[in-house]
Amino acid sequence: MSELTELQMASKNHGTQGAAENYNAVKTLTPLTDDEESYKEAYLNGFAKIACKEEILLHVTQTFDNVVWGKLQETFTAETDMRALGIGIGVGEHELNILQRLQSYYKRITQVVVEPNGMMLQAFKDKVRNFDLSKSVVTEVFHGTQQDFIRKRRHDDVKFNLITSVHSLYYVDDLEKTLEQLLGMLKPHGILLVHIQCEDDLMHMMYREKPWLLSNHNHKLFFTSKDVVDCVRNKVCDVTCFPMKISYDITELFQEYSSLGNRILDFFSSQSHFRDTAPAHVVKEIVGFCRGHSKRDDRGRFITHSTDCCIVVVNSE
């Protein structure tokens with residue numbers, strides 16, 4: 001998307017001058033994804049504290065157990081050389097949880113994981129060392145983005161039985177191309193399991209109405225479950241969606257001197273040290289947007305509601 005197009009989009013909801021000022025102001029900030037330490041802090045000690053991780057882990061696990069697990073066993077026998085790929089794994093809770101199930105049935109497993117943040121990838125490696133893995137399990141790690149991984153293996157014909165992407169497709173430039181590449185890495189009847197937010201998510205609504213907030217990022221859009229389904233609908237595959245309602249307590253975000261609140265704000269804005277480095281009027285606009293899209297509960301806490309979705313895509317080729 002061109003810079004002019006971004007400003008035109010922004011101008012629909014914000015005066016042209018204001019959009020241009022905000023666009024230029026954000027251009028001078030450090031994207032959160034460019035600062036490994038800040039990203040780790042914003043995620044692990046910020047967003048993860050309010051993100052209902054246990055509920056999401058349970059939802060992904062239940063979808064895997066109730067839908068994916070049976071399909072894998074029906075198609076691939078215990079003697080299969082099971083190959084699983086995890087994209088944008090963070091610290092790998094979901095991948096290790098699924099690996100535990102895979103090793104209960106398959107005799108040989110290779111798990112490949114991809115993560116751009118080196119500090120979070122190291123946390124995954126530490127988890128693996130303390131994880132009860134059978135000798136038949138091989139874990140391979142790739143430090144880089146999924147686009148980097150795809151480019152590196154473009155001449156590799158090895159296919160995967162299972163590919164997982166939990167909250168990681170937000171950071172790609174071309175969603176349709178990325179999904180096409182991921183589906184191309186699946187074996188016939190292999191499965192792509194995606195967990196992603198829906199259109200009613202606070203961050204998606206914020207980036208849609210204020211696209212200048214991503215003006216210093218390589219990716220300019222924040223994709224949702226609808227985008228994923230639209231992209232794979234015409235492919236040779238079967239698609240099933242499993243939504244879940246989720247609520248975030250973002251009260252701390254409105255506390256100017258709250259460390260937790262500032263980390264949450266960094267994660268929501270996708271900027272490093274946003275409250276300290278962005279112009280005051282930009283901070284005020286983003287904080288005001290968050291307040292306007294949350295409601296007080298009976299305890300006086302600010303709550304925002306959204307929907308997450310597990311999408312199961314079975315390669316029919």
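The next subject is the packing of helix α9 (residues 202-209) against helix α13 (residues 280-292). Following both chains from N to C, one finds α9 and α13 inclined at 135°, their axes separated by 11 Å at the closest point. In terms of orientation, α9 lies oblique with respect to α13. Relative to α13, the crossing made by α9 is right-handed. In this structure, α9 contributes Leu 202, Met 205, Met 206 and Glu 209 to the contact, and α13 contributes Ile 286, Phe 289 and Cys 290. Here the residues of the contact of α9 with α13 sort into 6 nonpolar, no polar and 1 charged.

This paragraph deals with the pattern of salt bridges. One pass over the full model with this rule turns up 13 salt bridges. Taking the shortest distance from any N to any O, the salt bridge between Asp 148 and Arg 151 comes out at 2.5 Å. One end of the pair is Asp 148 and the other is Arg 151, both in helix α7 (residues 146-152) and 3 residues apart, which spans about a single turn. Classification of Arg 151 by relative accessible area gives partly exposed; the value is 47%. With a closest N to O distance of 3.4 Å, Lys 235 and Glu 180 form a salt bridge. Of this pair, Lys 235 sits in the loop between α10 (225-232) and β6 (237-249) while Glu 180 sits in helix α8 (residues 175-184), placing them 55 residues apart in sequence. Taking relative accessible area as the criterion, Glu 180 reaches 48% and is therefore assigned partly exposed. It is possible to trace a salt-bridge network through shared partners that takes in Lys 226, Asp 230 and Arg 233.

The rules behind these values
- Residues numbered from 1 in each chain as written.
- Predicted model: local features only at pLDDT ≥ 70, side-chain atom pairs only at ≥ 80, totals over all residues.
- Heavy atoms only, no water.
- Axes fitted to C-alpha atoms, helices over the stretch in contact; angles between N-to-C directions.
- Helix = DSSP H or I, 4+ residues; strand = E, 2+ residues; numbered from the N terminus.
- Parallel < 35°, antiparallel > 145°, perpendicular 65-115°, else oblique.
- Left-handed = near helix turned anticlockwise from the far one by under 90°.
- Contact = heavy atoms within 4.5 Å.
- Nonpolar A, V, L, I, M, F, W, Y, C, P; charged D, E, K, R; others polar.
- Salt bridge = Lys/Arg side-chain N within 4 Å of Asp/Glu carboxyl O.
- Buried < 20%, exposed > 50% of the residue type's maximum accessible area, 1.4 Å probe, protein only.

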